[in-house]
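Residues per chain are reported as follows:
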Amino acid sequence: MPADAPPGPNADRSTRLTEVLQRAQRLGALGDWPIAEVLAHSREFVAALPSNATRVMDLGSGAGVPGLVSACDRPGLTVTLVDRRERRTDDLARSVASLGLDEQVSVVTADAAELGSRPDWSGSQDAVVARGFADPQTTLTLAARLTRSGGVVIISEPPSGQPSRWQSEWLTAAGVAEPQRLGRVVRFHVEHRR
């Protein structure tokens, strides 16, 4: 593409995504990391998704990261953004509409523990992602409950060089394999549903 060519649809969506995240930051729904860093971290979740994943849930979505970034970067995904705060999900629904993702992304106002106990949601996702949801054990347990057998759970990790925070009894109880560290995220394969 020539340097003076107008931006294409992907460039336009990328610009709108940046604007959406900047607005979320102004409203206090997103921390004060530079937006470029938020996007880079979210893309580590996208890179950790299996190529055959089609249904992805973002727990405690807040401002929509990494869920909105996943939807923008992987148009074949069906993404569900979950947050229990109605104000956040109202903002998320506006963000989804402004990005033109209405056909690909749904927003659900619910408590993740409640969703995981419902037959229509339990085991329904190919992948569940969580950036800043809850304590590690709770996050892993709830995410695994929502993920199908053979799917993956991807959770944000603290900086490398720290000892593993994933206790073997948590893994056994959640029915997941040993964690695989991928940069600033960790991926668990769901071996069997509990």
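Not measured: the values here are computed from a predicted model.

Caption draft 1: View of empty space enclosed by the protein. Per the counting criterion, the structure on display carries one cavity of 30 Å³ or more. Considering only enclosed or pocket space, the largest cavity measures out at about 70 Å³ in volume. For the largest cavity, the full set of lining residues is Val20, Arg23, Ala24, Leu27, Ala29, Gly62, Ala63, Arg88, Asp91, Leu92 and Ser95. Counting residues per element, the ones that place at least two in the lining of the largest cavity are helix 1 (9-26) and helix 4 (86-98). For the lining of the largest cavity, the element with the most residues is helix 4, which contributes four residues.

Caption draft 2: Molecular detail of the pattern of salt bridges. By the definition in use, this model includes 12 salt bridges. Put simply, Glu37 and Arg184 hold a salt bridge, and the shortest N to O gap is 2.2 Å. With Glu37 in helix 2 (residues 35-48) and Arg184 in the loop between strand 6 (180-182) and strand 7 (185-189), this pair connects stretches of sequence that are 147 residues apart. Classification of Arg184 as partly exposed rests on a relative accessible area of 24%. Residue Arg55 is joined to Asp126 by a salt bridge in which the shortest nitrogen-to-oxygen separation is 2.8 Å. With a gap of 71 residues between them, Arg55 in strand 1 (residues 55-59) and Asp126 in strand 4 (residues 125-130) connect regions that are remote in the sequence.

Caption draft 3: Representation of the nonpolar core in the model. Within the largest apolar cluster, 34 residues are counted, with the highest numbers of intra-cluster contacts made by Leu17, Leu21, Leu30, Leu68, Leu101 and Ile154. The set of elements that each furnish at least two residues to this core consists of helix 1, helix 2, helix 3 (67-73), strand 2 (78-83), helix 4, strand 4 and strand 5 (147-156). Considering each element in turn, this core owes the most residues, six residues, to helix 2. In terms of nonpolar packing, the next biggest core, distinct from the first, is built from 25 residues, Val108, Val128, Leu140 and Ala174 among them.

Caption draft 4: Inspection of the layout of surface pockets at higher detail. Empty space within the largest pocket amounts to approximately 350 Å³. Along the wall of the largest pocket there are 23 residues; nearest its centre are Gly60, Asp83, Arg85, Gly132 and Phe133. Within the residue set of the lining of the largest pocket, elements represented by two or more residues are strand 2 and helix 5 (112-116).

Caption draft 5: Here's a closer look at the pairing of strand 4. Burial of strand 4 is extensive: six of the six residues sit out of reach of the surface. Pairing analysis gives four bridges linking strand 1 to strand 4, with the strands arranged parallel. Across the sheet, Leu59 pairs through a bridge with Ala130, a residue of strand 4. Examined bridge by bridge, strand 4 and strand 5 share five bridges and lie parallel to one another. Within the sheet, the bridge partner assigned to Gln125 lies in strand 5 and is Thr147. Read as a crossover between parallel neighbours, the route from strand 4 over helix 6 (residues 136-146) to strand 5 is right-handed.

Calculation notes
Residues numbered from 1 in each chain as written. Predicted model: local features only at pLDDT ≥ 70, side-chain atom pairs only at ≥ 80, totals over all residues. Heavy atoms only, no water. 1 Å grid on protein atoms, 1.4 Å probe; cavity = no way out; pocket = protein on both sides within 12 Å on 5 of 7 lines; lining within 4 Å. Points joined across faces, edges and corners; volume = space filled by probe spheres on them. Helix = DSSP H or I, 4+ residues; strand = E, 2+ residues; numbered from the N terminus. Salt bridge = Lys/Arg side-chain N within 4 Å of Asp/Glu carboxyl O. Buried < 20%, exposed > 50% of the residue type's maximum accessible area, 1.4 Å probe, protein only. Core = buried A, V, L, I, M, F, W, Y, C linked by side-chain atoms within 4.5 Å. Pairing = 2+ DSSP bridges. Right-handed = clockwise from strand over helix to strand, strands pointing away.

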